[in-house]
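This is what each chain is made of:
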Amino acid sequence: MSGSFYITTAIDYANGAPHLGHAYEKVLADVLARHARMTGRKVHFLTGLDEHGQKVQQTAQQRGVSPQALVDEVAVGFKSMLVGLDISNDDYIRTTEPRHTKVVQDFLSRLYAEGLIFKDTKSGWYSVRQEQFLSDKDRDENGEWPEIYGEVTQTSEENYYFRISKFQSWLVDHIRSNPDFILPRFRQNQVLEFLKEPMNDLCISRPKSRLTWGVELPFDPGFVTYVWFDALTNYYSAVADKDLWPADLHVIGKDILSPPHAVYWPCMLKALGIEPPRRLLVHGWWTIDKKKASKSSGNATDSLAYVQSHGTDAFRYYLSREMVVGQDADFSDAGFNGRYKADLGNSLGNLVNRLLNMVGRNCSGTVPAAVADEDPERSVRALWTETRKAYDEAFAEHQVSRALEGLWTFINALNAYIETRAPWKLAKSADPADRARLDSCLAHVSEGLRLVGTALLPVMPGTARTMLEHIGQPVPADYSAFDWSAAGSGVKVAEKCILFPQVDTPPAPPA
Ligand code: MSP
């Protein structure tokens, strides 16, 4: 496959520290980006920070710093999370950068000039605490305003509105005629359901009297633009000087699909005469020990400690393997440690060491050629053909956990193949046929591990690299040698390789 592949993540709110949800989304997008690079596509991978809005303004005020100083500090934390997770992004956009605000203002001016943005006065119930207008839908079952809204008063306010309703029927057609626009497919229904009701025009401003920390409307300095209009534009502003639009894939969480990404964003672009993004990939939410992962409870931040205690790649593996893209998943200490020990240590790590030991002991460290070819060898090779096909298909649908599941079936089959062949017995036999079987066994395990190492590069880049080096293989840049071959033979392997050391201490609790 060739051509470019422009992939993005949501840009994280700059009003708190990075947590598991942020980490997961970057890892998922990174795995897909690395995979796309290996298929030969020219990848541009963007992530970034959403820095404007009420919450940032409030936090800065409480801490007695300027909002800019606050987001500068927060950006350092988010960027260092990316480094810790080995994220291979090509660009990082912050919504306070001039390259971004310029495009937001340009979009606003164009829509205003077209008459698609207009001023209106809205009266209604207003929540002081949430700084938003409420509708009757927000009342609880007793007709009262829920606690979260604090004091609710009747008020009226002038604002600017985007005539989004004009694009509603176009959007419904677009979603219906592009069944892969929103993946997984079951998420489309939620959007189409939302679009059944006639849409209200979208309020896109806040008067400066209540929010100053935002992009000023180019046609009215008394207002700043509402945060979604600002934030969504990042995907375009970051590549405004490159020939990359439309984006191929926006990776986002389910909470921001509808309406922001599935409704506001395509309609904004349509109004501007710009193509919509090609695809939205919607992942579910992590809970931690079955509780909502959130900043306030602190649990979501602690889970990131596994990066330090067990390594970046073990963490990337757990997240990628545990969450079926689209579904929710639960992060637990037992779950993490279980997969670390079973999948990584026992299945993969031991397999590599078994190979290195046997080749060292019986063949002076060089993997022999496969001569004997019997049923066990044939089934290992046939299983690889199936595994590779399933891997390619899973990645075509961005289903990383499925690709890994298939890969571990293959890894476990290699372990079982060693048990069947019992090379330690073959080594003691005086029969030359047994020697040929022994050689074949080592050659098959070596070649199988070469393919496994290649397959793991997008998910565990560092570990896969180390593993390939220890089994005497070059680190491939692409999938051009991803079929069974004789490449596993004739190579010199290392003596031993500790990929997943035993970790006795669980991650330290936060200070
Ligand atoms: N700033 C907006 C996005 C603007 S995109 C133009 C925002 N920020 S966020 O920090 O709240 O969330 C960033 C991403 O992290 C979202 O895609 C969100 O779904 C994801 N997650 C936040 N918590 C999560 C979990 N507990 N689990 C998985 N992902 C979640 O929304």
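None of these values were measured; they are calculated from a predicted model.

Participant: So what exactly am I meant to see when it comes to the overall build of the protein chain here?
Facilitator: When helices and strands are tallied, the protein chain shows 18 helices and 17 strands. Along the three orthogonal principal directions, the C-alpha set of the protein chain runs to about 95 × 50 × 45 Å. When each of the 511 residues of the protein chain is scored for burial, the buried share is 55%. Put simply, of all contacts in the protein chain between residues at least 6 apart along the chain, 76% involve residues at least 24 apart. Counting every atom, the protein chain has about 22,300 Å² of accessible surface; 50% of that belongs to carbon and sulfur. Computed over 55 positive and 64 negative side-chain charges, the separation of the two mean positions in the protein chain equals 3 Å.

Participant: Can you help me understand the site of the ligand in this one?
Facilitator: Within the structure, the ligand sits among 24 residues, and I11, H22, E25, D50 and D255 are positioned closest to it. Taking Y13, its main chain carries an N or O atom lying 3.0 Å from an oxygen atom of the ligand. In isolation the ligand offers 660 Å² of accessible surface; the protein chains occlude 95% of this area. Along the lines of polarity and charge, the residues of the shell around the ligand split into 12 nonpolar, 8 polar and 4 charged.

Participant: Explain the packing of helix α12 (residues 312–322) against helix α15 (residues 400–421) here, please?
Facilitator: Two quantities define a packed helix pair, namely the angle between the helix axes and the distance between the axes. The contact between α12 and α15 brings their axes to 7 Å, and the two run at 105°. Judged on the interaxial angle alone, α15 and α12 are roughly perpendicular. Along the contact surface, α12 presents Y317, S320 and R321, while α15 presents V400, S401, L404, E405 and W408. Broken down by class, the residue content of the contact of α12 with α15 amounts to 4 nonpolar, 2 polar and 2 charged.

Reading the values: rules and limits
Residues numbered from 1 in each chain as written. Predicted model: local features only at pLDDT ≥ 70, side-chain atom pairs only at ≥ 80, totals over all residues. Heavy atoms only, no water. Helix = DSSP H or I, 4+ residues; strand = E, 2+ residues; numbered from the N terminus. Buried < 20%, exposed > 50% of the residue type's maximum accessible area, 1.4 Å probe, protein only. Contact = heavy atoms within 4.5 Å. Areas by Shrake-Rupley, 256 points an atom, 1.4 Å probe, with all protein chains shown as cover. Lys, Arg positive; Asp, Glu negative; His and termini not counted. Charge placed at Lys NZ, Arg CZ, Asp CG, Glu CD. Near = heavy atom within 4 Å. Polar contact = N/O pair within 3.5 Å; in protein donor to acceptor, adjacent residues only side chain to side chain. Nonpolar A, V, L, I, M, F, W, Y, C, P; charged D, E, K, R; others polar. Axes fitted to C-alpha atoms, helices over the stretch in contact; angles between N-to-C directions. Parallel < 35°, antiparallel > 145°, perpendicular 65-115°, else oblique.

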